[in-house]
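Chain residues, written in single-letter form:
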Amino acid sequence: MTAVARAHILRFALLLAVVVILNFLLPRLLPGSPLSGATGDATVAFLPAAAQAEMRRTYGTDRPLSAQFVAYLGGLRRGDLGRSLATHRPVTDMIGERLPWTFALVGSAVALSAVLGAALGTAAAWRPYSAAARFLGPLVIGVGALPEFLVAMGLIVFLGIALRLFPVGGATTPFLVVSDLRGWLVAARDLLWHAALPATTLVIGLAPAFFLLSRNALVAVLGEPFLLTARGKGLGEHRILWHAWRNALPPLVTLLGLRLAVVVTGAALVERIFAYPGMGMLLFEAVARRDYSVLQGIFLTASVVMLAVNLMLDLLAFVLDPRTRRTP
Amino acid sequence: MNLAATLLRPRRRFRPHGAVLMAALVLGGIIVAAVLAGAFAPYPPRSATGTPVEAPSPSHRLGTNDLGQDLLSVWLHGARASLIVGFVTALLSTAASGAVGLLSVTWRPGRVPLLATTDGLLAIPHLPMIVLIVALLGPGLLHLIAALAFLGWPAYARVVRAQAQATVQRDYVEAARALGASEARIARTCLVPEILPLLWTKFLLTVRWAILMEATLALMGLGDPTQMSWGLTLNSAFAYPLLFIGDAWLWWALPPAIAVAVITLALSTIGQDFENWLNPASQRARRNP
Amino acid sequence: MRAAVVLAAAALLAASPASGQASLLRLTWWTDAGFPTPFAFSTLGPAGVVRLTLIYDTLVWKDERGLIPWLAESWRISPDGTAYVFTLRTPVRWHDGRPLTAHDVRFSFDYYRRHPFPWVDTSIIVKVEVRDRRTAVIHLSRPFAPFLENIAGVVPIIPEHIWRGIDHPEREQDLGMALGSGPYRLVDYRPEVGQYRFVAFGEYFKGHPRIEEIQYVTTPTERQILAVQNGQVDQAMASTYDVVRTFAGHPYLRVLETEPLSIARLMFHLDRPPTSLRPFRQAVAHALDRKRIAETITRGPAPVGSTGVIPPTDPWYNDRIQQYPYDPSRARALLRELGYQDRDGDGWLEGRDGERLQVELVATPIRDVELIQQMLREVGIDVRIRTVDPATRAQLGSEGRFQMLLALHTGSGGDPDYLRTWFTGGEASQFARGSVMRSPEYIRLARLQARTLDPGRRRTVDQLQLMLSEELPTLPLYYRRFFWIYDSRKFTPIATRGGLLNGIPLADNKVAFLPR
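Here the structure is a predicted model, which means the values were calculated and not measured.

Draft legend 1. Examining the overall build of chain C more closely. What chain C contains, in helices and strands, is 16 helices and 18 strands. At 25 Å, chain C has a C-alpha radius of gyration in line with the 24 Å of a compact globule built from 516 residues. Across its three principal directions, the C-alpha atoms of chain C cover 100 × 55 × 40 Å. The proportion of buried residues among the 516 residues of chain C is 53%. Within chain C, contacts between residues separated by at least 24 positions form 69% of all contacts whose residues are at least 6 apart in sequence.

If you want it as structure tokens, here you go:
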């Protein structure tokens with residue numbers, strides 16, 4: 001293992017330690033102890049004293065901070081993120097139910113954006129002075145510049161409410177019965193139908209960056225002298241494109257990685273607007289209920305995923321581009 | 001392609017084209033409206049001057065909201081909150097970005113801690129952090145600005161640093177050093193001019209980001225309810241259960257939505273043009289058909 | 001042949017559901033309500049405890065007219081009021097077929113002593129005695145008038161054979177643990193989306209429920225009306241009157257109005273100036289046009305807040321209390337007596353020391369706050385608003401870190417014991433430290449009404465309202481009704497008298513799902 005790789009991994013470990021500590025402290029700095037979060041505003045908002053004492057005992061919030069930290073570390077080692085203060089269920093269970101939804105939604109949106117952006121970017125770079133290219137650029141950028149919540153609301157109002165083409169919330173139709181192959185197909189279609197609007201919102205926001213990157217990278221490479229020579233030698237257009245793409249790939253992969261790094265909470269707004277049961281939704285719920293354990297779990301998951309993806313990107317850059325093997 | 005080499009290419013003079021001029025005009029118009037809101041607005045925005053949820057009429061051009069406040073006045077005053085958050089956040093954030101980027105190159109002992117802080121902050125997920133900070137400090141314009149500035153500066157610090165590093169290696173800086181110029185003077189005369197365009201771009205993009213974040217948070221109910229902002233108007237609009245049954249959404253939700261869209265589009269257009277100017281790859285495209 | 005056809009037709013007609021019956025009912029709430037056992041349900045909001053009532057039964061229950069027998073078919077109260085003898089109905093079965101007996105009743109209350117039921121305090125119960133399989137006697141430490149309505153009608157009876165020996169009941173969240181004696185069984189629960197599926201329990205003692213399956217889904221509040229219009233759900237909730245007008249001529253959607261069980265009230269800290277000064281509080285009462293606030297926020301004729309706290313529509317209401325009509329000049333006169341005048345002509349009042357009269361109001365981001373600020377500005381009081389989320393508001397309240405606090409919560413109906421629990425004792429301090437009634441006479445009377453049965457109780461409750469109106473630890477602004485828009489082709493919900501359980505204005509009373 002080279003020194004540089006070691007340096008990257010060391011950095012990752014250090015950042016991880018910082019994240020773990022921050023994770024523990026931050027939710028506890030919130031005003032509003034977990035008990036006051038457990039009772040809502042719209043009810044006669046007090047738990048009988050006996051129930052409160054019981055909760056404090058169960059969650060150890062009556063112990064000193066240092067004891068809580070030690071317990072927290074011990075739990076982490078075992079893979080135990082504690083129990084939710086609101087639902088009493090293990091936090092790992094709650095995260096486990098939500099994470100797949102977020103990964104699926106964001107993962108597919110990022111992939112779609114990359115493909116769409118790259119395709120449009122290639123088209124614009126290939127014939128930069130055609131009417132289409134000159135029109136495409138500002139259009140894509142303009143649409144991408146729209147605020148995410150506006151795009152979401154717009155889609156909901158026009159496609160969901162006015163035209164009733166898509167459902168405006170949730171990930172599935174409640175309690176869809178799946179019993180046979182035909183049922184599976186129906187369920188799959190239902191999933192896609194519910195994911196259509198949120199995924200579209202995300203793609204509209206993400207694709208422009210991929211478009212710009214591909215177009216600019218390709219345009220730069222397409223003007224390079226070596227390609228001029230290749231054309232002169234009679235190399236076909238497709239081969240040229242392929243060569244151009246090899247040069248454009250590294251920054252594209254980097255952008256892809258950057259977008260995936262924030263996958264855990266990157267779609268929080270979209271999830272909230274569409275009531276999609278992912279990690280972003282869980283975040284809002286946990287903040288409202290002052291659910292420390294769940295907040296800790298979300299932060300930890302998000303940070304670890306981010307750090308891990310960044311580490312992978314750095315290591316991948318090694319492989320793809322030897323020039324980055326110097327000291328960082 | 002080497003980032004440093006890219007940034008150091010000679011550039012053409014900045015000549016904005018049509019769309020950018022229009023965007024600048026629109027932005028200017030909104031700023032004027034915000035500053036003169038007091039004069040233009042037909043009523044004080046907080047006074048309940050009409051019956052709640054009234055359609056537009058001669059006395060209330062955009063109708064009224066659920067408290068009976070004149071929506072036109074609220075809309076004009078809403079520009080203020082958005083612009084204040086946008087510009088102040090951008091100012092703080094850009095200054096911090098620039099300072100950290102520069103210092104990490106010119107101030108030897110500060111390099112490691114500055115870079116570590118930058119990377120550390122970058123590792124924290126944005127939205128949960130803002131949600132948490134707003135829940136921690138309570139909603140309030142100042143808190144929001146602080147949170148946004150705090151989260152916004154690390155992203156560009158690395159870019160500034162890269163530019164400063166590349167500049168420092170150039171011949172004329174070496175020459176200046178050989179002639180005995182101090183580090184501070186080098187920073188002032190050689191580095192700052194090179195990073196200024198970068199900072200200007202960052203400023204514009206941050207204004208846009210901050211305005212967006214404020215609107216988003218207000219829409220989610222995490223905004224400052226004492227500040228009339230477009231996001232807040234949208235929040236109260238969407239909380240009205242009969243918004244889409246009937247046409248209330250046309251005059252209640254649409255105007256602030258359009259306002260946010262327009263201002264972010266305008267800032268985006270101007271900022272994009274800047275970035276294009278900075279990035280010579282697009283310039284080469286224009287030279288090589 | 002003809003006879004056969006007629007018979008077949010008759011059989012078909014007889015077998016078809018009567019009007020107002022459905023095989024699937026889809027209800028909705030704005031959030032998840034937790035796993036429906038008495039230990040794991042969500043206490044954030046009233047939906048959790050109400051959902052329990054589909055699975056579990058209580059000794060007595062309420063319908064639109066009041067208390068009715070339920071698990072207990074009759075009861076007797078001892079002359080001294082400390083013992084309740086309940087005779088249980090038989091046969092009553094748990095969902096797994098085992099019989100429900102007085103042993104389960106005793107086990108339930110014993111178990112709640114060790115693992116408190118999060119919704120009511122059962123510490124007043126000393127012991128439960130089993131006389132025979134059908135008879136349980138509950139002994140209280142002292143007479144308690146609200147016992148039937150607030151405890152016997154709320155606390156779910158749990159099966160001994162399921163819960164015996166369980167140490168962490170809140171963690172038990174397998175479907176099999178949600179086993180009760182109620183009209184519905186839980187067959188599916190998706191916590192991440194807050195979706196529930198209940199299926200009718202055929203052997204229910206009140207008869208086979210009329211609705212075969214009930215599903216609960218989550219819909220954000222502002223989308224519920226759209227959803228019920230589109231037929232995605234069969235019921236939606238609203239809290240403003242314009243909804244009623246919107247659905248006035250609808251072919252099948254109707255609106256059910258509940259009693260005004262949700263109260264919006266301003267709480268004053270009685271130890272901090274200027275709210276510690278009674279004339280100041282009275283001035284605020286005169287300065288706020290509560291009728292206008294009520295009409296603006298609820299967009300209709302909501303009952304205006306009564307300074308005796310009990311709503312004017314309530315049978316326990318006493319109208320011979322101190323009223324504070326909207327009168328800004330009277331407000332200014334009271335403030336002037338306290339030494340607050342506009343000394344420099346800037347529109348704000350200053351005290352004798354020249355300091356501006358400033359008060360902080362802690363509230364969640366609700367619209368009422370703006371109106372309050374405007375109205376108090378008109379008499380010269382500078383109100384600084386501190387907006388917080390519900391969790392922080394609850395904490396600030398319990399720590400007494402406020403001058404004025406705006407609270408919106410349910411419970412202003414049913415048994416009037418809330419005049420005791422909201423304003424005296426430990427629980428009241430948990431809710432709003434510093435805003436309780438300290439007068440020993442009030443405390444004495446509050447305890448007295450809890451021990452007295454009518455007609456003596458009525459007089460004491462009247463007296464309590466009078467004292468509250470004079471002292472003004474809290475200023476009720478208005479009362480909200482909840483409006484339930486429902487698909488009348490599928491079912492007809494009922495408005496429980498005094499609110500479901502104690503004071504909850506929800507419409508999911510299981511009586512609506514059962515044969516009459």
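Draft legend 2. Region of interest: the overall build of chain A. Within chain A one finds 14 helices and 0 strands. Moving toward the C terminus, one meets the helices and strands of chain A in the order α-α-α-α-α-α-α-α-α-α-α-α-α-α. Here the contacts in chain A between residues at least 6 apart in sequence split such that 72% fall between residues at least 24 apart.

Draft legend 3. Geometry of the interface of chain B and chain A. Taken residue by residue, the interface counts 31 residues in chain B and 36 residues in chain A. Element by element, the count of residues in the side of chain B that touches chain A is highest for helix α12 (residues 254–278) of chain B, at 7 residues. For the side of chain B that touches chain A, the class distribution of residues is 21 nonpolar, 8 polar and 2 charged.

Draft legend 4. Structural detail: the pairing of strand β5 (residues 83–88) of chain C. Residues and elements named next belong to chain C. Only one face of β5 is buried: it carries Tyr84, Phe86 and Leu88, and the other face, with Ala83, Val85 and Thr87, is open. Two elements, strand β4 (residues 72–77) and β5, share 5 bridges in a ladder whose sense is antiparallel. Directly across from Ile77, in β5, lies its bridge partner Tyr84. Following β4, the chain reverses through 5 residues before pairing antiparallel with β5; Gly81 in that reversal takes a positive phi of roughly 80°. Strand direction decides the pairing type here: β5 and strand β7 (residues 135–140), joined by 5 bridges, are antiparallel. Its bridge partner being in β7, Thr87 is matched across the sheet by Thr135.

Draft legend 5. Representation of the nonpolar core in the model. In terms of nonpolar packing, the biggest core is built from 238 residues, with Ala152 and Ile298 of chain A together with Ile485 of chain C touching the most fellow members. When residues in this core are grouped by element, the largest group, 18 residues, is from helix α8 (residues 181–222) of chain A. When sequence neighbours within four positions are dropped, the list of residues in contact with Ala152 of chain A reads Thr201, Val270, Ile273 and Phe274 of chain A. In terms of nonpolar packing, the next biggest core, distinct from the first, is built from 63 residues, Ala285, Ile293, Tyr324 and Leu472 of chain C among them.

Draft legend 6. Geometry of helix α9 (residues 290–298) of chain C. All names here are of chain C. Three or more residues of α9 are buried, namely Arg290, Ile293, Ala294, Thr296, Ile297 and Thr298. Those residues of α9 hidden inside the fold are in contact with α11 (368–378) and β17 (474–480). Once α9 finishes, Arg299 follows within two positions and takes phi at roughly 50°, a positive value.

Draft legend 7. Structural view of the domain arrangement of chain C. Residue and element names in this part refer to chain C. We note that the domain assignment places domain 1 (2–222 + 482–513) and domain 2 (262–480) within chain C. Computed over C-alpha atoms only, the centres of domain 1 and domain 2 are separated by 36 Å. Broken down by class, the residue content of the side of domain 1 that touches domain 2 amounts to 8 nonpolar, 6 polar and 2 charged.

Draft legend 8. View of the sheet that holds β5 of chain C. Residue and element names in this part refer to chain C. Judged by pairing direction, the sheet is antiparallel, and its 4 strands sit side by side in the order β4-β5-β7-β6 without closing on themselves. For this open sheet the edge positions go to β4 and β6 (125–132), each flanked by a neighbour on one side alone. Sheet twist, expressed as the mean angle between neighbouring strand axes with direction ignored, is 20°. Of the pairings in the sheet, the one linking β6 to β7 comprises 6 bridges and is antiparallel in character. Bridged to Lys127 within β7 is His139.

Draft legend 9. Inspection of the confidence of the model for chain A at higher detail. All names here are of chain A. Here chain A averages 78 in pLDDT, while 84% of its residues score no lower than 70. Mean pLDDT in chain A bottoms out at helix α2 (residues 34–38), which sits at 50, and peaks at helix α5 (residues 91–126), which reaches 90. When the criterion is pLDDT under 50, residues 35–46 qualifies, and its contacts beyond four places in sequence or with other chains add up to 51 contacts.

Draft legend 10. Region of the structure containing the sheet that holds strand β13 (residues 262–268) of chain C. Residue and element names in this part refer to chain C. Pairing is mixed in the open sheet, where 5 strands are placed in the order β15-β14-β16-β13-β17. Where the open sheet ends on each side, the last strands, each with one partner, are β15 (382–387) and β17. Each strand axis lies, on average, 25° off the axis of its neighbour in the sheet, ignoring direction. In the sheet, β13 pairs with strand β16 (residues 404–410) via 7 bridges, with the strands oriented antiparallel. Counted as the bridge partner of Phe268 is Met404 from β16.

Draft legend 11. Quick peek at the environment of Asp415 of chain C. Residue and element names in this part refer to chain C. Looking at where Asp415 falls in the secondary structure, it is placed in the loop between β16 and α13 (418–421). According to the C-beta neighbour criterion, Asp415 is partly exposed, with 19 such atoms within 10 Å. Considering only alpha carbons, one finds Asp415 and Asp462, 47 residues apart in sequence, at a separation of 13 Å. Ignoring sequence-local partners within four residues, the contact set of Asp415 consists of Pro146, Glu149, Asn150, Gly498 and Asn502.

Draft legend 12. The pairing of strand β11 (residues 235–238) of chain C, seen in detail. All names here are of chain C. Judged by which residues are buried, β11 turns out to be covered on both faces: Gln235 and Met237 on one side and Ala236 and Ala238 on the other are all buried. As paired strands, β11 and strand β18 (residues 483–487) are joined by 4 bridges and run antiparallel to one another. In the sheet register, Met237 faces β18, and the bridge partner there is Trp484.

Draft legend 13. Highlighting the environment of Val199 of chain C. Within the element layout of this structure, Val199 of chain C appears in strand β9 (residues 195–200). Taking C-alpha positions, Val199 of chain C is 16 Å from Phe491 of chain C, a pair spaced 292 residues apart along the chain.

Draft legend 14. Geometry of helix α3 (residues 102–114) of chain C. Residues and elements named next belong to chain C. A rise of 1.5 Å per residue sets the reference length of α3, with its 13 residues, at 18 Å; its end C-alpha atoms lie 19 Å apart and thus fit the reference within 8%. Along α3, the residues that are buried comprise Ala102, Asp104, Val105, Phe107, Ser108, Phe109 and Tyr112. Tucked inside the fold, the buried residues of α3 contact β5, β6, β7 and α5 (160–163).

Draft legend 15. The arrangement of the confidence of the model for chain C in detail. All names here are of chain C. Looking at chain C, pLDDT values average 90 and 96% of them are 70 or higher. Of the regions scoring below 50 in pLDDT, residues 5–20 engages in 2 contacts with residues more than four places distant in sequence or in other chains. This prediction of the complex comes with two scores: 0.83 for pTM and 0.77 for ipTM.

Draft legend 16. Inspection of the packing of helix α7 (residues 141–168) of chain B against helix α9 (residues 183–219) of chain B at higher detail. Residues and elements named next belong to chain B. Viewed as axis vectors pointing N to C, α7 and α9 meet at an angle of 155°, and their least axial separation amounts to 9 Å. Between α7 and α9, the angle is such that the two are roughly antiparallel. Here α7 and α9 pass one another in a crossing that is right-handed. Seen from α7, the contacting residues are Leu144, Leu148, Gly152, Tyr156, Val159, Val160, Gln163, Ala164 and Thr167; seen from α9, they are Cys190, Leu191, Glu194, Ile195, Leu198, Lys202, Thr206, Trp209, Ala210, Met213, Glu214 and Leu217. Tallied by class, residues from the contact of α7 with α9 come to 14 nonpolar, 4 polar and 3 charged.

Draft legend 17. The arrangement of unusual backbone geometry in detail. All names here are of chain C. Along the chain, Thr90 connects to Pro91 via a cis peptide bond; the corresponding omega equals -5°. With respect to the helices and strands, Pro91 occurs in the loop between β5 and α3. Here the amide bond leading from Pro273 into Pro274 is cis, since omega sits at -5°, within 30 degrees of zero. Along the chain, Pro274 falls in the loop between β13 and α8 (278–287). Phi at Leu472 is positive, roughly 55°, even though this residue is not glycine. Within the element layout of this structure, Leu472 appears in the loop between α16 (456–471) and β17.

Draft legend 18. Spatial organisation of the packing of helix α15 (residues 440–451) of chain C against α16 of chain C. Residues and elements named next belong to chain C. It is at 9 Å that the axes of α15 and α16 come closest, and there the two elements cross at 145°. Crossing angle aside, the handedness with which α15 passes α16 is left-handed. Across the interface between the two elements, Tyr442, Leu445, Ala446, Leu448 and Gln449 from α15 touch Arg457, Thr460, Val461, Gln463, Leu464 and Met467 from α16. Looking at the contact of α15 with α16 residue by residue, the classes come out as 7 nonpolar, 3 polar and 1 charged.

Reading the values: rules and limits
The written sequence of each chain sets the order in which its residues are numbered from 1. Going through the entries in the order they are written, you letter the chains from A and number the ligands from 1. Totals for whole chains, interfaces and linings use every residue, but because this is a predicted model, local features are given only for residues with pLDDT of at least 70 and side-chain atom pairs only at 80 or more, for both listing and counting. A run of H or I in DSSP counts as a helix once it spans at least four residues, and a run of E counts as a strand once it spans at least two, with each numbered from the N terminus. As a reference, a globule follows 2.2 Å times the number of residues to the power 0.38, and the radius of gyration itself is taken over C-alpha atoms. Residues with at least 20 neighbouring C-beta atoms inside 10 Å of their own are called buried, those with 12 or fewer are called exposed, and the rest are partly exposed, where every C-beta is derived from the backbone. Whether two residues are in contact depends on their C-beta atoms, placed from the backbone: they are in contact if these lie within 7 Å. Polar here means any residue other than Ala, Val, Leu, Ile, Met, Phe, Trp, Tyr, Cys and Pro, which are nonpolar, and Asp, Glu, Lys and Arg, which are charged; Gly is therefore polar. In this description, strands pair whenever DSSP reports at least two bridges between them. Only buried Ala, Val, Leu, Ile, Met, Phe, Trp, Tyr and Cys residues enter a nonpolar core, and they are joined through C-beta atoms within 7 Å. Segmentation into domains, and thus their bounds, comes from an automatic or database assignment. The axes are straight lines fitted to the C-alpha atoms, using for helices just the contacting stretch, and the angles between their N-to-C directions are given from 0 to 180°. Confidence of the predictor at the level of single residues is captured by pLDDT, which takes values from 0 to 100. By this rule the span expected of a helix is its residue count minus one, scaled by 1.5 Å. Comment on the angle field: the value is read as roughly parallel under 35 degrees, roughly antiparallel over 145, roughly perpendicular from 65 to 115, and oblique elsewhere. Each helix crossing is assigned a hand: it is left-handed if the near helix lies turned anticlockwise from the far helix by less than a right angle, otherwise right-handed if that turn is clockwise.

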